[in-house]
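The lines below spell out each chain.
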Amino acid sequence: MRKLKFLGFILILFTLFSLASCGDDDVKSIDSSKLEGIWTQVFDSRIQDASVVKYVFYPETSYSGRIELYKSNWPDEGWTVTDLHYRVGETAHMNIFTGKEHDGKTRIYIECDIHKLTKTEMVWYKTDSKEEMARFKKDSKIDNN
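Everything in this summary refers to the structure shown in the same document. Per chain, residues are indexed from 1 in the order of the written sequence. Residue-level local features of this predicted model are given only where pLDDT is at least 70; pairs of side-chain atoms are given and counted only at 80 or more, and the full residue set underlies all totals for whole chains, interfaces and linings. Remark: hydrogens and water are excluded; side-chain values derive from all non-hydrogen atoms of the structure.

### Digging into the packing of aromatic side chains
Within 6.5 Å between ring centres, the rings of Phe, Tyr and Trp (the latter by its six-membered ring) count as paired, and their orientation is classed by plane angle as stacked under 30 degrees, edge-to-face over 60, tilted in between. With the rule as written, the count across this model stands at six aromatic pairs. A network of ring pairs unites the aromatic residues Tyr-55, Phe-57, Tyr-86, Trp-124 and Phe-136 as a single cluster. If you follow Arg-66 out to its NZ or CZ, it ends over the ring of Tyr-58, 4.4 Å from the centre. Our definition puts a charge over a ring when NZ of Lys or CZ of Arg is within 6 Å of the ring centre and also within 35 degrees of the ring normal.

### What about the sheet that holds strand E7 (residues 121–126)?
Here, strands pair whenever DSSP counts at least two bridges between them. Where helices and strands are cited, they refer to DSSP runs of H or I of at least four residues and of E of at least two residues respectively, numbered from the N terminus. Around the barrel, eight strands lie side by side as E1-E2-E3-E4-E5-E6-E7-E8; this closed barrel has antiparallel pairing. Each neighbouring strand pair of the sheet contributes to a mean axis angle of 35°, computed without reference to strand direction. As paired strands, strand E2 (residues 52–59) and strand E3 (residues 64–72) are joined by eight bridges and run antiparallel to one another. Paired with Val-53 across the strands is Lys-71, a residue of E3. To obtain an axis, a line is fitted to C-alpha atoms, over the contacting stretch when the element is a helix, and the angle between two such axes runs from 0 to 180 degrees between their N-to-C directions.

### As for the side chain of Lys-54
Of note, Lys-54 is situated in strand E2. Look at Lys-54 and you get buried, because its relative accessible area is 7%. Think of a polar contact as two N or O atoms within 3.5 Å of one another; within protein, one of them needs to be a possible hydrogen donor and the other a possible acceptor, and neighboring residues in sequence only count if both atoms come from side chains. A polar contact of 2.6 Å, which involves the side chain of Lys-54, links it to the side chain of Asp-139. Exposure classes here rest on a 1.4 Å probe applied to the protein chains alone. A residue is buried below 20% of its type maximum, exposed above 50%, and partly exposed in between.

### Overview of the pattern of salt bridges
Any carboxyl oxygen of Asp or Glu within 4 Å of a side-chain nitrogen of Lys or Arg constitutes a salt bridge here. Summed over the entire model, instances satisfying the criterion amount to six salt bridges. Glu-68 is the partner of Arg-66 in a salt bridge, and the nearest nitrogen-oxygen pair spans 3.4 Å. Two residues, Glu-131 and Lys-126, come together in a salt bridge whose shortest N-O distance is 3.4 Å. Note on Glu-131: relative accessible area 42%, which makes it partly exposed. One continuous salt-bridge network, built from bridges that share partners, spans Lys-116, Glu-121, Glu-132 and Arg-135.

### Structural notes on the environment of Asp-139
Its place among the elements puts Asp-139 in strand E8 (residues 132–139). Residues Asp-139 and Ile-38, 101 residues apart in the sequence, show an inter-C-alpha distance of 5.2 Å. We call two residues in contact whenever any of their non-hydrogen atoms come within 4.5 Å of each other. Setting aside its immediate chain neighbours within four residues, Asp-139 contacts Ile-38, Thr-40 and Lys-54.

### Thoughts on the nonpolar core
Only buried Ala, Val, Leu, Ile, Met, Phe, Trp, Tyr and Cys residues count toward a nonpolar core, and they belong to the same one when joined by side-chain atoms within 4.5 Å. Counting 22 residues, the largest nonpolar core has Tyr-55, Phe-57, Met-94, Ile-114, Met-122 and Trp-124 as its most contacted members. Elements with a minimum of two residues in this core: E2, E3, strand E4 (80–88), strand E5 (93–98), strand E6 (108–117), E7 and E8. The dominant element in this core, judged by the number of residues it contributes, is E6, at four residues. The residues touching Ile-114, leaving out its near neighbours within four places in the chain, are Ile-30, Leu-35, Val-88, Ala-92, Met-94, Met-122, Val-123 and Trp-124.

Right, here's the structure in full:
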């Protein structure tokens, strides 16, 4: 009788373990081809003097590429351009490095997780966090005034 109870207990544990492992914990892979193009950072409407920030992604492989970062404090002031390089993994974790290529001498400029990536919207979260870091909308052009 004791053996039967013990085997029943083991069977219940095995069943519970099997059910617990059936959850949808799989990380969805990112389609990094959606990064290509111009992304304008969207600032909170309550911020009055927000600068204009645009990231232009140029994919070179399925997981890396170049970025041109355009910043302007005022629309009539012109743009400052910074060359960057990015790597993004299947888990949507992205590292952005200084320089046109990651050569071991560059440093990390931004590290984030891409939380949302559609044809028109992208949202970055701080790594391993639920805190939003930046929000972008897809743009069609850079105004080089």
